[in-house]
Amino acid sequence: MSLWMILPVSLPVLTITGIWVVYAMALYNQHVCPVDNWLYNQSCEEDLFLQSGPTLCCTLDNVPLISKCGTLPPESCFFSLICSTGSFMVAAIVLLRYARVIEKHQNCVLNTASLSTGWICAAGLIMVGNFQVDNAKVLHYVGAGIAFPTSMLFVCLQSALTYRLAKTQGEYNVAHLRLCMALLAFVALVLSGVFFCQESFVLQHASAIFEWVFCVIIMLFYGTFAFEFAGMSSDTMVVLSRGTLGPAGKEHKGDPLGSLGGPSLHPHQPENMSIL
């Protein structure tokens, strides 16, 4: 079992814990309202019938969207740190997954597309974390418009890729799990986007809840790569260092022996030649 499996496991642990800590900080500083609150005022000048006191006055500016939780200091600093660290880990996991597929199978369109969308998602996540919605609204929404769709596309591509490469029952079980997570994430993303565009206080609050659900599912999806990363070896790093783009790269693993005068081991040479 490879220690590389710690990387995909640590991503959801770090990010999910981190954003809930950000929410707790924002709630403590009264920058957002609790997720279980469904009562909102038009303004804080007049008390709602069932809502009174300055600590319970909630308007649309206090809806507990993830971005709202990380808007004001001091939680904004921690939010930027979590997003920046998470984006780096996403980029690393996507790259290693790309190399792992090449090492064990061969490159394909799904694998290359997953690499591209994963890195674009990481770039959008950096923008979301470092351009707060109240301070740089346009850049923040641009980052969110990049990160959310590409993350959804990434999990869909990876689900399809898992089915395509599956050979054992265990691999098919992982594929089923990822498909279910992708479907749940898609439903949460659509509902969050639709409700976010509404003026209703209740629907705005529901949008925030579905946004939390979507982000948690996406992070847990990355955690499922621990199944593949558990078998990762130094050969994966060789694939990355040589920039190998096809199954022929496996033949190069025996080249060092041939260069020392020993026999070159190519047990599958006829098959590889037929593929070429």
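Scroll up to find the structure this text is about.
Described below are features of the structure shown in this document.

1. Re the overall build of the protein
Then comes step 1: What the protein contains, in helices and strands, is 11 helices and zero strands.
Then comes step 2: Start at the N end of the protein and walk to the C end: the helices and strands fall as α-α-α-α-α-α-α-α-α-α-α.
Then comes step 3: Counting all 276 residues of the protein, 45% fall into the buried class.
Then comes step 4: By sequence separation, contacts in the protein at least 24 residues apart represent 72% of the contacts at least 6 residues apart.
Then comes step 5: With an accessible surface of roughly 14200 Å², the protein has 70% of that area assigned to carbon and sulfur atoms.

2. Here we look at the pattern of salt bridges
Then comes step 1: Inspection of the entire model under this criterion finds four salt bridges.
Then comes step 2: D134 is the salt-bridge partner of K68, the closest N and O atoms lying 3.2 Å from each other. Here the residue K68 occupies a position in helix α2 (residues 66-69), and D134 occupies one in the loop between α4 (109-130) and α5 (137-165), the gap between them amounting to 66 residues.
Then comes step 3: Two residues, E228 and R97, come together in a salt bridge whose shortest N-O distance is 3.7 Å. Here E228 is found in helix α8 (residues 226-229), whereas its partner R97 is found in helix α3 (residues 75-104), with 131 residues between them in sequence.

3. Looking at the packing of α3 against helix α9 (residues 234-242)
Then comes step 1: With their axes 9 Å apart at the nearest point, α3 and α9 run at an angle of 100° to one another. Of the possible angle classes, the one that applies to α3 and α9 is roughly perpendicular. Counting all contacts with α3, which are made through L95, L96, A99, R100, I102 and E103, the residues of α9 involved are D235, T236, M237, V239 and L240.
Then comes step 2: The residue makeup of the contact of α3 with α9, split by class, is seven nonpolar, one polar and three charged.

4. A word on the packing of aromatic side chains
Then comes step 1: Inspection of the entire model under this criterion finds 11 aromatic pairs.
Then comes step 2: Centroid distance W20 to W212: 4.5 Å. Interplanar angle 35°. Geometry classified as tilted. On the criterion of sequence distance, the pair formed by W20 in helix α1 (residues 6-28) and W212 in helix α7 (residues 201-223) is long-range, its members being 192 residues apart.
Then comes step 3: Residue classification places W20 among the partly exposed residues on the basis of a relative accessible area of 37%.
Then comes step 4: With a centroid separation of 6.2 Å and an interplanar angle of 65°, the aromatic rings of F154 and F225 are classed as edge-to-face. Here F154, found in helix α5, pairs with F225, found in the loop between α7 and α8; they are 71 residues apart in sequence, far enough to count as distant. Each member of the pair F154 and F225 is classed as buried.

5. Points about the state of the cysteines
Then comes step 1: Enumeration over the complete set of coordinates arrives at one disulfide.
Then comes step 2: Disulfide partner of C33: C58, at an S-S distance of 1.8 Å. Looking down the S-S bond of the C33 and C58 bridge, the torsion is -110°, so its handedness is left-handed. On the criterion of sequence distance, the pair formed by C33 in the loop between α1 and α2 and C58 in the loop between α1 and α2 is long-range, its members being 25 residues apart. Residues C33 and C58 agree in their burial class; the two are buried.
Then comes step 3: Of the cysteine sulfurs around C121, a residue in no disulfide, the closest is that of C215, at 9.6 Å.
Then comes step 4: Among the residues examined, C121 registers a relative accessible area of 9% and is labelled buried.

Reading the values: the criteria
- Residues numbered from 1 in each chain as written.
- Predicted model: local features only at pLDDT ≥ 70, side-chain atom pairs only at ≥ 80, totals over all residues.
- Heavy atoms only, no water.
- Helix = DSSP H or I, 4+ residues; strand = E, 2+ residues; numbered from the N terminus.
- Buried < 20%, exposed > 50% of the residue type's maximum accessible area, 1.4 Å probe, protein only.
- Contact = heavy atoms within 4.5 Å.
- Areas by Shrake-Rupley, 256 points an atom, 1.4 Å probe, with all protein chains shown as cover.
- Salt bridge = Lys/Arg side-chain N within 4 Å of Asp/Glu carboxyl O.
- Axes fitted to C-alpha atoms, helices over the stretch in contact; angles between N-to-C directions.
- Parallel < 35°, antiparallel > 145°, perpendicular 65-115°, else oblique.
- Nonpolar A, V, L, I, M, F, W, Y, C, P; charged D, E, K, R; others polar.
- Phe/Tyr/Trp six-rings, centres within 6.5 Å; stacked < 30°, edge-to-face > 60°.
- Disulfide = S-S within 2.5 Å.

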